[in-house]
Amino acid sequence: MRHAVAVRVGPFGFRIGSDWRAPVAALERLYAGYPQGDKAGVPDFTVRLAAARPWRRWLRPAVTIAGDWWLPGTAPLPLAQGLLAAEMGMNLQVALGCRRFLLLHASVVERDGRALVMTGESGSGKSTLAALLSTGNRKRRWRLLADEFALVEPATGLIHPFPRPISLKNQSVALFADGVPPDRLGPLLVGTPKGDVRHLVPDADAIARMDEAASPALLLFPRFGAARAVRPVGTGEVFVRLTQASTNYHALGEPGFDALLRIARGLPARAIDYADGAEALALVDMLVDELWR
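Residues numbered from 1 in each chain as written. Predicted model: local features only at pLDDT ≥ 70, side-chain atom pairs only at ≥ 80, totals over all residues. Heavy atoms only, no water.

**Student:** Could you give an account of the pattern of salt bridges, naming the residues involved and the relevant values?
**Tutor:** Applying the stated criterion to the full structure yields 11 salt bridges. A salt bridge links Arg241 to Glu237, with the nearest nitrogen and oxygen atoms 3.0 Å apart. Remark: Glu237 and Arg241 occur in helix H6 (residues 235-245); sequence separation between them is 4 residues, near one turn of the helix. For Glu237, a relative accessible area of 31% puts it in the partly exposed group. One continuous salt-bridge network, built from bridges that share partners, spans Glu110, Arg143, Asp205, Arg209 and Glu212. (Salt bridge = Lys/Arg side-chain N within 4 Å of Asp/Glu carboxyl O. Helix = DSSP H or I, 4+ residues; strand = E, 2+ residues; numbered from the N terminus. Buried < 20%, exposed > 50% of the residue type's maximum accessible area, 1.4 Å probe, protein only.)

See the structure below:
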């Protein structure tokens, strides 16, 4: 690759190479507070952002995503969305290549050593809720552990931090436009396959403590855009939902099964519906006060 950057996030080192300078420069800015270069250590995963054809480097440039792991037939993205392509490539490497941790598609925040795990379908609001909990002027602010993946250590059940920038989408972008320092916001990417996207960088504390694991203590299944409701979720339903949320459960075999079962049996679980962010925060405060006594 003509241009490259190395960065470490939590336990993983990444090397991202590109045929173009622009995506690498955008990554360097977005991950300015993370270990980069030699400080990132030996990379665990490699991402390549390349032109499908040599001439596509200049004429209607389009970025294809490859690396140590890739999915055949993935559609390229325009060069203006090269940062999104890099982020998707990093996600892909972890999703397909990680065997050290049980992966759950979830957002995770931590307070007092205990982790709140939020999982659900895309669009359920888990990323926005994690951003709300970890920003603002709340008296008891949470530390962001992860947005895309919860890294569960099978032997201990601990969740290891993977504090990537939070991917805000569509209506969520405006919620943080004024209340967050400009250096914590990435560029606005318009018209992507996911709609409008802007990345929110975790605060300095979350990055400084990204080697500090936490114990899972509460599991939430949030759903945005519905009338306020809370219901307990039984062990069987939790287990099934978590198998659907994991990208490597089957690959881990028995350790993966045991880790999922430990979460399903050991954590209180609630499904919450809410109409807006304020209602979601109130529900989280209520459940934490009720279940973490």
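**Student:** Residues and numbers for the sheet that holds strand E11 (residues 166-169), please.
**Tutor:** Whenever strands of a sheet pair, they do so through backbone hydrogen bonds, lying parallel or antiparallel. An order of E11-E13-E12 is seen for the 3 strands of this open sheet, with the pairing classed as antiparallel. Edge positions in the sheet fall to E11 and strand E12 (189-192), since each has one partner strand and no second. For this sheet the average axis-to-axis angle between neighbouring strands, irrespective of direction, equals 35°. Note that E11 and strand E13 (residues 195-200) share 4 bridges and pair antiparallel. Paired with Leu168 across the strands is Arg198, a residue of E13. Contacts between helix H3 (residues 126-133) and the sheet are confined to E11 and E13, with E11 contributing the most and set at about 115° to the helix. (Pairing = 2+ DSSP bridges. Axes fitted to C-alpha atoms, helices over the stretch in contact; angles between N-to-C directions. Contact = heavy atoms within 4.5 Å.)

**Student:** An account of the packing of helix H1 (residues 21-30) against helix H2 (residues 82-97) is needed here, citing residue identities and associated values.
**Tutor:** In contact at an axis separation of 8 Å, H1 and H2 are set at 70° when each is read in the N-to-C sense. Here H1 lies roughly perpendicular to H2, going by the angle between them. Mapping the contact onto sequence places Pro23, Ala26, Leu27 and Leu30 in H1 and Gly82, Leu83, Ala86 and Glu87 in H2. Residues of the contact of H1 with H2, tallied by class, amount to 6 nonpolar, 1 polar and 1 charged. (Parallel < 35°, antiparallel > 145°, perpendicular 65-115°, else oblique. Nonpolar A, V, L, I, M, F, W, Y, C, P; charged D, E, K, R; others polar.)

**Student:** Let's hear about the nonpolar core: which residues, and what values?
**Tutor:** Here is a general trend for soluble globular proteins: nonpolar side chains tend to be buried in one another's company. Among the nonpolar cores identified, the biggest contains 66 residues, and Phe12, Phe14, Ile16, Val94, Leu104 and Phe162 are the most heavily contacted of them. Tallying contributions element by element places H2 first for this core, with 7 residues. Grouped together as the second largest cluster of nonpolar side chains are 29 residues, Ala131, Leu144, Leu185 and Leu218 included. (Core = buried A, V, L, I, M, F, W, Y, C linked by side-chain atoms within 4.5 Å.)

**Student:** With reference to specific residues and values, describe the environment of Val240.
**Tutor:** Following the sequence through the fold, Val240 ends up in helix H6. Take Val240: its relative accessible area is 43%, and that puts it in the partly exposed class. With 140 residues separating them along the chain, Val240 and Arg100 place their C-alpha atoms 22 Å apart.

**Student:** Just give me the short version of the packing of aromatic side chains, but keep the residues and values in it.
**Tutor:** If you walk through the whole model with that rule in mind, you get 10 aromatic pairs. Aromatic side chains Phe14 and Phe45 sit 5.8 Å apart centroid to centroid with 35° between the ring planes, which places their arrangement in the tilted category. Of this pair, Phe14 sits in strand E2 (residues 12-18) while Phe45 sits in strand E3 (residues 45-51), placing them 31 residues apart in sequence. Each member of the pair Phe14 and Phe45 is classed as buried. The residue whose ring lies beneath Arg111 is Trp142, and the NZ or CZ to ring-centre distance is 4.3 Å. (Phe/Tyr/Trp six-rings, centres within 6.5 Å; stacked < 30°, edge-to-face > 60°. Lys NZ or Arg CZ within 6 Å of the ring centre and 35° of its normal.)

**Student:** Could you give me a rundown of the packing of H3 against helix H9 (residues 277-291), with the residues and numbers involved?
**Tutor:** For the pair H3 and H9, the least separation of the axes is 10 Å and the interaxial angle reads 70°. By the criterion of interaxial angle, the relationship of H3 to H9 is roughly perpendicular. Here Leu129, Leu132 and Leu133 of H3 come into contact with H9, specifically with Gly277, Ala280, Leu281 and Val284. When the residues that make up the contact of H3 with H9 are grouped by side-chain class, the tally is 6 nonpolar, 1 polar and no charged.

**Student:** Please give an account of unusual backbone geometry that cites residues and values.
**Tutor:** Excluding glycine, a negative phi dihedral is what most residues carry, and trans is how most peptide bonds are arranged. Phi is positive for Arg60, close to 45°, though the residue is something other than glycine. Relative to the helices and strands, Arg60 is located in the loop between E3 and strand E4 (62-67). At Asp112, a position not held by glycine, the phi torsion is positive, near 55°. Along the chain, the position of Asp112 falls in the loop between strand E6 (102-111) and strand E7 (114-119). Here Asp112 falls in the exposed class, since its relative accessible area comes to 67%.

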